[in-house]
Amino acid sequence: MTDDVEAAPTAPAAARHLAPGDVGLVAPRDYTHAADFTFRGGQVLPGFTLRYETYGELNAARDNAIVICHALSGDHHCAGWHSPDDRKPGWWNNLIGPGKAVDTRRFFVVCANVLGGCQGSTGPSSPNPATGRPYGAAFPPVTIPDMVRAQRRLLDHLGVAAVHAVIGGSMGGMLALQFAIEYPRLVRRVLAMATTGRESAQAIAFNEVGRQAIMQDPAWNRGDYAAGEGPRVGLAIARMMAHITYLSDASMDRKFGRRKRRAAEAEASAFDVQFEVEGYLRHQGQSFINRFDANTYLYITRALDQFDLEEAAGSLEAAFAPVEAETLIVGFTSDWLFPPEQNRALAFALLRAGKRASYAELATDLGHDSFLLESEELYALVRGFLDRPATPVP
Amino acid sequence: MEKRTVDMQIIGDWVEPGTRVLDLGCGQGDLLAYLMQTKGVAAVGVDLDFSRIAACVRRGVSAYQGDMTTLMRAFPERHFDRVICSRTVQELAEPKAVILEALRVGRALTVGFVNHGFWKNRMAMLLGGRKVRNEVYTTAWFESRPANPVTIADFEDFCAALGIRVTHRAHLAGNWRDPCPFLPNLLAGYALYDLTRA
């Protein structure tokens, strides 16, 4: 997802973290699983760490947890502020907070950086205890089910007895669905937005271009590079390209059009930045390399490509057979990465499998990142889905 | 008693408890919520409008936002015990295609519609020479959706021509409450049909 699909409303800089409806200052924590963890592929990691944040309080019945699942480039910091000087709050701050659609006065919100990630959870940039150097390409291939199984350990550690809802967009939606399949008795609701049961050839193709940009950068060195180094050019190009797929023609046109940089800023060569959109993408690429690891990008895009509920179970209905949760799928009309058809297919399969499932579609022109939209309609939908006490299975 | 309640109750009488029901044009889920409560059905609704789907979700009624034919095509034959098309049939662009598709995915199809042949509608046209305007037909011709007003006689002819079996009929008087056994095409304000494939 992009970093800035919709600019957060600007309050006076000093007090933004104190805005009513915000969870305020938050701090990440680490959970370390000390025992061996076996990946789907059979490889074993001698334990792992997940970095996570929580907002709100777990209730006495321990059944008010809401698990937020982040997308490819997201992280555990989904609401609140790490410091009063932060330029931006957590990535889903518009949805999560006291009185917001995901109401932290009522729910205990948990969000963890995925296994294989690079924002504090164990991933390819973590030191391999066998060598003392980063795992790099020696890190086990990670899958969406692996990420979910690791997060289950965290929920156990936190004492969560039942999950009121798992919520995610894009890759987060895949995790949310996988949660309900893997742990049907734990998960009561699933809200999956702008997601898919398996990527189309086009989505895999975009991921492959990103991976090639990284792997063709000599600094990638087959995944073997020191912390803070690595294929910065390749990763930036991968991000620039992917970023386009999160937007839409209409939203880019509105944001940039054909606007050009002022002549004073224009540089000598014909191939320096001329259009605003170029400067924007270059900036996105540059800021990404300062916060993201190239190997994690390879591993997670691979996990996305390999996620295929249909293949895993024989059919999508069969995949959903164990689900007990009530599911809400939300598609967005302008999402051409995981388009409405793929979201509808999930709802159809859930219904064919006899599950309680709904599908809603929002008309937006913001592309794939529409799920991060500031929309009262979307908030009302989410609130309505979460507010009602769980209905017993008929 | 509201006009809406009687047709809900009649449909409720026809619905078997614990069955799987699809409502075409479910609106905010009033009928399905009623059937879930009184008959314990497994309900699915379909409607075009986001806010109506949100209302269904809020009350725990499963609902799909989108085209009803697209939805039905996603299901195997006889997936639903009953499909309901209540006060929707006259709004459809292709009623025949929808009815046949509904009879494919459903073991039974319940259709409820305002009888356009009701004498008051005829009189309004005959005497006024203008599109009927009343509490049922609330809009002028230029602000209405394209509609296929249908009469009881039209509907009976249609079922006969397509070999669709009528298992129940309910004709209600102009108050939409009392039974109307006599000259229904002239005297009934509302009609409900329960259909199966022959």
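A quick note: this is a predicted structure, and the numbers were derived from the prediction, not measured.

So, how was this worked out
Residues numbered from 1 in each chain as written. Chains lettered and ligands numbered in written order. Predicted model: local features only at pLDDT ≥ 70, side-chain atom pairs only at ≥ 80, totals over all residues. Core = buried A, V, L, I, M, F, W, Y, C linked by C-beta atoms within 7 Å. Buried ≥ 20, exposed ≤ 12 C-beta atoms within 10 Å, placed from the backbone. Helix = DSSP H or I, 4+ residues; strand = E, 2+ residues; numbered from the N terminus. Contact = placed C-beta atoms within 7 Å. pLDDT = per-residue confidence, 0-100. Pairing = 2+ DSSP bridges. Right-handed = clockwise from strand over helix to strand, strands pointing away.

Enquirer: Hey, could you run me through the nonpolar core in this one?
Expert: Side chains of nonpolar character tend, in soluble globular proteins, to be buried together. Residue and element names in this part refer to chain A. Counting residues in hydrophobic clusters, the biggest one holds 167 residues, and the most contacted among them are V102, V109, V166, A176, V190 and L191. If one sorts the elements of this core by residue count, helix α2 (residues 171-182) sits on top with 8 residues. Not counting residues within four places of it along the chain, the set of residues in contact with L191 comprises A165, I167, A176, L328, V382 and F385.

Enquirer: What exactly am I supposed to notice about the confidence of the model for chain B here?
Expert: Caution applies to low-pLDDT parts of the model: their predicted coordinates are not meant to be read in detail. Residue-level pLDDT values for chain B average 93, and 97% of them are 70 or greater. Of the two predicted TM-score estimates for the complex, the pTM is 0.94 and the ipTM is 0.94.

Enquirer: I'm lost on the pairing of strand β11 (residues 326-332) of chain A in this one. Help?
Expert: On a regular strand, each side chain points to the face opposite its neighbour's, so the side chains alternate between the two faces of the sheet. All names here are of chain A. Across the 7 residues that make up β11, a large majority, 7, are buried. Residues of β11 alternate between two faces, with E326, L328, V330 and F332 on one and T327, I329 and G331 on the opposite face, all of them buried. Bridge count between strand β10 (residues 189-193) and β11: 5 bridges; the pairing is parallel. Bridge pairing in β11 places V190 opposite T327. Bridging between β11 and strand β12 (residues 357-362) involves 6 bridges; their strand directions are parallel. From the neighbouring strand, I329 faces β12, where its bridge partner is Y359. A crossover connection joins β11 to the parallel β12 through helix α10 (residues 340-352); in handedness this β-α-β unit is right-handed.

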